[in-house]
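# Architecture at a glance
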Amino acid sequence: MNKTNYRLLFLSTPVGALGSGIGGGVELTLQNAAKALIAKGHEVEIVAPEGSATNVTKLTQIAGNMQTSAQTQVGADLVVLPQNSVLENMWSYARESQNQFDLLFNFAYDWLPLYLTPFFNRPIAHWISMSSLSPVMDAMVSKTSHLFPNAIAVNTRACADTFSDGDRLMIMGKGLDVSQYNFVKQPEKPSLAWVGRISPEKGLEDAAKAAQSTGLPLHVFGLIQDRAYWEQIKTFFSKAEIHYEGFLSTDELQKKLGQCSALLMTPRWVEAFGNAAIEAFACGVPVISYNSGGLKEIVRHGKTGFLVEMGSVSGLIEAISQLDQIDRFTCRQQLEAEYSLEVWGDRLEKWFDNLITNYSKPRF
Ligand code: UDP
């Protein structure tokens, strides 16, 4: 049994307010990590950009200009920080308040918090939520992992393998609050779902094409991050029955997602995990996804969905025709067995125990 209750400071993504959807899956991940650790008796304070909202725990909002998303910095060999940067301001707050905490938990996919790690007098755990996208970030992940072994975690093996020093990263998986999702045994009528930020790396066009070919309605849930891309899809696949549902709260999302026959996940990048996949499982919805990145570690081909070759729309269509082979309850069972908050909370707690107990500032 855990005897030590830790005081933990979580630092959210600096690309957007918590709850806005701009941060993608990391917003849910941070809040679920907080829930998992609070359930184990730890105290959590969240620091996030101004305009954030959460009902999970104490929130401190920090003003400043948002950081540009790392997806727009692919291949970058320089670091970009705006004037009066919210990232800088969040880390100034962390420096000033660090002595009230046992550990800081960073959720920014950014160079700065990694670089700052040795200058703090508390251990910093880093959650790297995306695959390697740029040499400048990759190099800083490597340097930090040498100075602080075990301080950096990723979701999946596939994500770790994209980094030069991937074997030095912890594979931490994910957890969901199962009680937030209702299992739906059978949807009222056949339809497809697509969930995510509407942005080219997420490959919505392939799902639209599959929907057009099969004649099934496609419900699209998520923030429109690239308006021109979205307009192009609607024009190009004008014969597809696409329903844009908006960016919904978890509760509204699960209600509508549960009524779909399958979730299509068609990313064109190495998806580090894909939260939407486990949210679908929680509702009993099978996942048809490309056989790449974290998704190939999540979806059990023929059991909880289908894995098809990346970019193969004919593969998606064939999988859709085989959906009756999937028992929706098996999806929910996989979620409960592998992605519960309890199991994930144990893993996170062990990670922090190790970082806190063995913490010593590096000698230069
Ligand atoms: N999401 C949401 N409401 C919506 C659509 C999506 O809250 O209407 C959330 C979803 O719960 C998931 C995130 O958006 O946590 C998408 O994360 P994912 O890991 O699938 O992709 P990312 O955006 O991080 O690339």
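Residues numbered from 1 in each chain as written. Predicted model: local features only at pLDDT ≥ 70, side-chain atom pairs only at ≥ 80, totals over all residues. Heavy atoms only, no water.

The name given to the protein in an unreviewed UniProt entry is UDP-glucose--tetrahydrobiopterin glucosyltransferase, and the organism recorded there is Pseudanabaena frigida.

## Concerning the overall build of the protein
Short version of the rule: Here a helix means four or more residues in a row that DSSP labels H or I, a strand means two or more in a row labelled E, and each is numbered from the N terminus. As defined in this context, the radius of gyration uses C-alpha atoms, and a globule is described by 2.2 Å times the residue total to the power 0.38. Remark: exposure states derive from per-residue accessible area (1.4 Å probe, protein chains only) relative to the maximum for the residue type, with buried under 20%, exposed over 50%, and partly exposed in between. By the convention used here, residues are in contact when the closest approach between their heavy atoms is within 4.5 Å. The protein chains shown are the only cover counted for residues, whose accessible areas, like all others here, come from Shrake-Rupley with a 1.4 Å probe. His is not counted, nor are the chain ends, whereas Lys and Arg count as positive and Asp and Glu as negative. Working definition for charges: the position is that of NZ of Lys, CZ of Arg, CG of Asp or CD of Glu.
Counting secondary structure elements, the protein contains 13 helices and 13 strands. At 20 Å, the protein has a C-alpha radius of gyration in line with the 21 Å of a compact globule built from 364 residues. For the protein, with 364 residues in total, the buried portion stands at 58%. When contacts within the protein are restricted to residue pairs at least 6 apart in sequence, long-range pairs at least 24 apart make up 68% of them. By element, 50% of the accessible surface of the protein is carried by carbon and sulfur atoms, the whole surface being about 15200 Å². The positive charge centre, built from 31 side chains, and the negative charge centre, built from 37, are 3 Å apart in the protein.

## Here's the deal with the site of the ligand
Put simply, the rule reads: One heavy atom within 4 Å of a molecule or strand makes the whole residue count as near it. What qualifies as a polar contact is a pair of N or O atoms within 3.5 Å, subject to a donor-acceptor requirement within protein and to the restriction that residues adjacent in sequence count only when both atoms come from side chains. Nonpolar residues are Ala, Val, Leu, Ile, Met, Phe, Trp, Tyr, Cys and Pro. Charged residues are Asp, Glu, Lys and Arg, and all others, Gly as well, are polar.
Around the ligand, a shell composed of 18 residues is seen, among which Gly 25, Arg 197, Lys 202, Leu 248 and Glu 279 lie nearest. Between the ligand and Leu 248, the relevant distance is 2.7 Å, taken from an oxygen atom to a main-chain nitrogen or oxygen of the residue. Between Asn 275 and the ligand, the recorded distance is 2.9 Å, taken from a backbone N or O atom to an oxygen atom. Notes on the ligand: free accessible area 540 Å², of which the protein chains cover 91%. Sorting the residues of the shell around the ligand by element identifies helix H1 (25-38) and helix H9 (275-283) as the ones contributing at least two each. Counting residues per element, the shell around the ligand draws most heavily on H9, which supplies three residues. Residues of the shell around the ligand, tallied by class, amount to eight nonpolar, six polar and four charged.

## Some points on the pairing of strand E1 (residues 7-11)
Under the convention used in this document: Pairing between strands requires that DSSP locate at least two bridges from one strand to the other. We call a crossover right-handed when, viewed with the strands running away from us, the connection from the first strand over the helix to the second turns clockwise.
Counting buried residues along E1, four of its five residues qualify, which places the element largely inside the surrounding structure. Two strands pair when backbone bridges link them, and E1 and strand E2 (residues 43-49) are joined in this way by five bridges, in the parallel orientation. Counted as the bridge partner of Arg 7 is Glu 43 from E2. Read from E1 through H1 to E2, the crossover connection turns out right-handed. As judged from the four bridges shared by E1 and strand E4 (residues 103-106), these two strands associate in the parallel manner. Bridge pairing in E4 links Phe 10 to Phe 105.

## Remarks on the UniProt feature "domain: Glycosyl transferase family" (unreviewed entry) in the protein
The test is simple: UniProt positions are given in the numbering used here, feature names are shortened, and annotations may be inferred rather than shown by experiment.
Within the UniProt annotation, "domain: Glycosyl transferase family" (unreviewed entry) is assigned to residues 185-323. With 37% helix and 18% strand, residues 185-323 has its two end C-alpha atoms placed 14 Å apart.

## What about the packing of aromatic side chains?
Spelled out, the test is: Any Phe, Tyr or Trp ring, taking Trp's six-membered ring, that has another such ring centre within 6.5 Å forms a pair; planes under 30 degrees apart are called stacked, those over 60 apart edge-to-face, and the others tilted.
In total, this model carries 16 aromatic pairs according to the counting rule given. Centre to centre, the rings of Phe 183 and Phe 329 are 5.5 Å apart; their planes meet at 75°, and the pair counts as edge-to-face. Note that Phe 183 is positioned in the loop between strand E7 (170-171) and strand E8 (192-195) and Phe 329 in helix H12 (residues 328-338), a separation of 146 residues in sequence. With a centroid separation of 5.3 Å and 35° between ring planes, the pair formed by Trp 351 and Phe 352 is classed as tilted. Of the two residues, Trp 351 and Phe 352, neither departs from the other in class, the shared state being buried. Grouping aromatic residues by their ring pairs yields a cluster made of Phe 10, Phe 105, Phe 107, Trp 127, Trp 344, Trp 351 and Phe 352.

## Remarks on the packing of helix H6 (residues 204-214) against helix H11 (residues 313-321)
In a packed pair of helices, the relevant descriptors are the angle between the two axes and the axis-to-axis distance. The cut-off we apply is this: Axes here mean lines fitted to C-alpha atoms, for a helix over just the part in contact, with angles spanning 0 to 180 degrees between N-to-C directions. When describing relative orientation, an angle under 35 degrees is termed roughly parallel and one over 145 degrees roughly antiparallel, while 65 to 115 degrees is termed roughly perpendicular and anything else oblique. If you view the pair so one helix is near and one far, a crossing is left-handed when the near helix is turned anticlockwise from the far one by less than a right angle, and right-handed when it is turned clockwise.
Close contact between H6 and H11 brings their axes to 9 Å; oriented N to C, the two are set at 55°. Considering the angle they form, H6 stands oblique to H11. As for the relative orientation of H6 and H11, their crossing is right-handed in sense. Along its contact with H6, which presents Asp 206, Lys 209, Ala 210, Ser 213 and Thr 214, the element H11 presents Val 313, Leu 316, Ile 317 and Ile 320. Across the contact of H6 with H11, the residue classes tally to five nonpolar, two polar and two charged.

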